[in-house]
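Architecture and fold: a report
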Amino acid sequence: MGNVKNMLKNRRGDAFVFLLILIFFILTLAAILMEYFRMESLYQQAEYVLQRGVNSAVEYAMRDEYRRDGYLLLDTEEAQTQLYEYLHDSMGLDAELNKYAGTQWNYRLEIKELLVTESPPRLTLTGEIVSRSVFSFLTGEVRLPFTISSVNTQTTEGGLE
């Protein structure tokens, strides 16, 4: 602590250089934190909307004619169709699954695996959200992996059946 006081009292200009380094360090740290929270917000927003889409695709594609007999069956083709319609209509993704905010590219959705089972009714979507960072000159593209699943289960009085 004594060295810092001596440096600040020094008239050779060491204090000015020290302050410049300190300000640079603080601004760099602030930029890193802002970018981290921007990417976290982007991920949370996209994951939330994807979960809604997967849930609605499963619920829409349930075969209701079998429910009264206690069977839960999913129309797998209809579930896939509903999911892709949701991605394009509600999420606003284009044909290559790119998301734009106005005319500016925001992120791209890369689907690695889409697993749909008829019984038990389940849809699992695995992939990555690909975006650019402010620090893309250092990192390139940022890839945020996700796995989202929805299962339709029948509940009866007293628990699951």
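Up top is the structure.
Presented here is a report on the structure given in the accompanying data block. (Residues numbered from 1 in each chain as written. Predicted model: local features only at pLDDT ≥ 70, side-chain atom pairs only at ≥ 80, totals over all residues. Heavy atoms only, no water.)

Below, the discussion takes up the nonpolar core. Among the nonpolar cores identified, the biggest contains 30 residues, and Leu 50, Leu 87, Met 91, Leu 109, Leu 123, Ile 129 and Phe 146 are the most heavily contacted of them. For this core, the secondary-structure elements that each account for two or more residues are helix 2 (14–60), helix 3 (76–89), strand 2 (104–117), strand 3 (122–132) and strand 4 (141–151). Ranked by residues supplied to this core, first place goes to helix 2 with 9 residues. (Core = buried A, V, L, I, M, F, W, Y, C linked by side-chain atoms within 4.5 Å. Buried < 20%, exposed > 50% of the residue type's maximum accessible area, 1.4 Å probe, protein only. Helix = DSSP H or I, 4+ residues; strand = E, 2+ residues; numbered from the N terminus.)

Once that is clear, we can look at the environment of Ala 31. When you line up the elements, Ala 31 lands in helix 2. Judged by relative accessible area, Ala 31 falls into the partly exposed class, the value being 27%.

Moving on: the pairing of strand 1 (residues 98–101). Looking along a regular strand, one sees the side chains alternate between the two faces of the sheet. Strand direction decides the pairing type here: strand 1 and strand 2, joined by 4 bridges, are antiparallel. By the bridge assignment for strand 2, Asn 98 is matched with Arg 108. Hairpin connection between strand 1 and strand 2: a loop of 2 residues separates the two successive antiparallel strands, and Gly 102 in this loop has a positive phi of roughly 75 degrees. (Pairing = 2+ DSSP bridges.)

On to the pattern of salt bridges. This model, assessed by the stated rule, comprises 9 salt bridges. The salt bridge involving Lys 112 is made with Glu 128; its shortest N-O contact spans 3.8 Å. Placement of the pair is Lys 112 in strand 2 and Glu 128 in strand 3, with a sequence separation of 16 residues. Given the relative accessible area of 18%, Glu 128 is considered buried. With a shortest N-O distance of 3.5 Å, Arg 143 and Glu 141 are connected by a salt bridge. Judged by relative accessible area, Arg 143 falls into the partly exposed class, the value being 39%. Put simply, Arg 108, Glu 110, Lys 112, Glu 128, Glu 141 and Arg 143 are held in one network by salt bridges that share partners. (Salt bridge = Lys/Arg side-chain N within 4 Å of Asp/Glu carboxyl O.)

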